[in-house]
Amino acid sequence: GLSIVLIIYNARSFFGLVAIHWSWTLFSLFPICGILKVGTFVSDRIVVPASVVASIWIAKILHGYATNWFWNKESPLRFFRPLQVVFLLWWIGVSCATVHNRALDWMDSISLMNSALVTCPRFAKVHMEVSKIHSGLFPAHLDLKKTRFHLDTAREIDPDLCDLHKQYVFLAIQEGNYREVERE
């Protein structure tokens, strides 16, 4: 919506930026819109196009600020220049920290799965994948109680998830519960 307003406001200045924004956004969102299946190897690279678009808009805002607001002595905003500088520095810092932290989430399967649980706590497949982390896939995170909790949660959400039975079998073998192995 804002991109249309910018084009209507000043098409000559903003059309190119909006076109670049939408082309980068559409191409970066294409793999995650369900048409393609991607793993962590591809998904961590999806961060790059979003940061390119953010960099372009930040550069445009800073350029406008530096040329119009900061140097124009007749500007009605000249009394707020120190506050504007502090706000812009704070905004850039928060934006960079957010992009950096989110990019780190996508670089490791453990943080990616935990991030996915925060984003969508009722997603059965993520609960099943987190159960794999705690079932011994990563020995430092071995916790069979957490494994069972996530498997039970996944079963509650989607009882027909086929890989779930296999994970229950692996857990039951680790626990020495062979009746459950037979049942699953």
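Thresholds, definitions, all that
Residues numbered from 1 in each chain as written. Predicted model: local features only at pLDDT ≥ 70, side-chain atom pairs only at ≥ 80, totals over all residues. Heavy atoms only, no water. Helix = DSSP H or I, 4+ residues; strand = E, 2+ residues; numbered from the N terminus. Buried < 20%, exposed > 50% of the residue type's maximum accessible area, 1.4 Å probe, protein only. Contact = heavy atoms within 4.5 Å. Salt bridge = Lys/Arg side-chain N within 4 Å of Asp/Glu carboxyl O. Polar contact = N/O pair within 3.5 Å; in protein donor to acceptor, adjacent residues only side chain to side chain. Patch = residues over 30% accessible without salt bridge, like charges linked within 9 Å, V, L, I, M, F, W, Y side chains within 5 Å. Areas by Shrake-Rupley, 256 points an atom, 1.4 Å probe, with all protein chains shown as cover. Axes fitted to C-alpha atoms, helices over the stretch in contact; angles between N-to-C directions. Parallel < 35°, antiparallel > 145°, perpendicular 65-115°, else oblique. Left-handed = near helix turned anticlockwise from the far one by under 90°. Nonpolar A, V, L, I, M, F, W, Y, C, P; charged D, E, K, R; others polar. pLDDT = per-residue confidence, 0-100. Expected span 1.5 Å × (residues − 1). Arc of directions from axis to C-beta.

J.: Give me the lowdown on the overall build of the chain, citing residues and values where you can.
T.: Each helix and strand counted, the chain has 10 helices and 0 strands in total. Going from the N terminus to the C terminus, the chain shows its helices and strands as α-α-α-α-α-α-α-α-α-α. Out of the 184 residues in the chain, the part that is buried amounts to 28%. Within the chain, counting contacts between residues at least 6 apart in sequence, those at least 24 apart form 45% of the total.

J.: Before we move on, could you go through the pattern of salt bridges and cite the residues and values that matter?
T.: Overall, the coordinates contain 5 salt bridges when judged by the stated rule. R122 is the salt-bridge partner of E156, the closest N and O atoms lying 3.5 Å from each other. Of this pair, E156 sits in helix α8 (residues 144-157) while R122 sits in the loop between α6 (109-119) and α7 (124-137), and the two are 34 residues apart along the sequence. Each member of the pair, E156 together with R122, is exposed. Between K125 and E129 there is a salt bridge, with the nearest N and O atoms lying 3.3 Å from each other. Within this pair, K125 and its partner E129 are both found in helix α7, separated by 4 residues, close to a single helical turn. Using a relative accessible area of 34% as the deciding quantity, one classes K125 as partly exposed. Ionic contacts of the salt-bridge type, sharing partners, join the residues K125, E129 and K132 into one network.

J.: So what's going on with the side chain of E180? Residues and values would help.
T.: With respect to the helices, strands and loops of the structure, E180 is situated in helix α10 (residues 178-183). A distance of 2.9 Å separates polar atoms of two side chains, one belonging to E180 and the other to R148.

J.: Provide a residue-level description of the environment of W57, including the pertinent values.
T.: Positionally, W57 belongs in helix α4 (residues 47-69). Overall, W57 belongs to the buried group, its relative accessible area being 18%.

J.: How would you sum up the side chain of S115? Please name residues and give values.
T.: Along the polypeptide, S115 turns up in helix α6. According to the relative accessible area criterion, S115 is buried, its value standing at 10%.

J.: Any details on a nonpolar patch on the surface? Residues and values, ideally.
T.: Residues F87, W90 and V94 make up a contiguous nonpolar surface patch of roughly 330 Å² in combined accessible area. With respect to the secondary-structure elements, F87 resides in helix α5 (residues 81-107). Residue F87 is classed as partly exposed on the basis of its relative accessible area of 48%.

J.: Pulling in residues and values, what's your account of the packing of α8 against helix α9 (residues 162-175)?
T.: Viewed as axis vectors pointing N to C, α8 and α9 meet at an angle of 155 degrees, and their least axial separation amounts to 11 Å. As the angle between them shows, α8 and α9 are arranged roughly antiparallel. The interaxial crossing formed by α8 with α9 has left-handed handedness. Contacts from L144, T147, R148, L151, D152, A154 and R155 of α8 reach α9 at L164, H165, Q167, Y168, L171, Q174 and E175. Looking at the contact of α8 with α9 residue by residue, the class counts come to 6 nonpolar, 4 polar and 4 charged.

J.: So, the confidence of the model for the chain: which residues are in play, and what are the values?
T.: Per-chain confidence: the chain averages 76 in pLDDT, with 65% of residues scoring 70 or above. Ranking the elements of the chain by mean pLDDT puts helix α3 (residues 40-43) last, at 52, and α8 first, at 92.

J.: If you had to explain α8 to someone new, which residues and values would you point to?
T.: Taking 1.5 Å per residue as the helical rise, α8 with its 14 residues ought to reach 20 Å, and the 20 Å between its terminal C-alpha atoms agrees with that figure. For α8, the set of buried residues is T147, H150, L151, T153 and A154. Looking down the long axis of α8, one finds its buried residues gathered within 160 degrees of arc, a one-sided arrangement. For α8, the exposed residues set more than 90 degrees away from the buried face come down to K145, F149 and E156. Along its buried surface, α8 packs onto α6, α7 and α9. Its side-chain oxygen at 3.2 Å from the backbone nitrogen of K145, D143 defines the N-terminal cap of α8.

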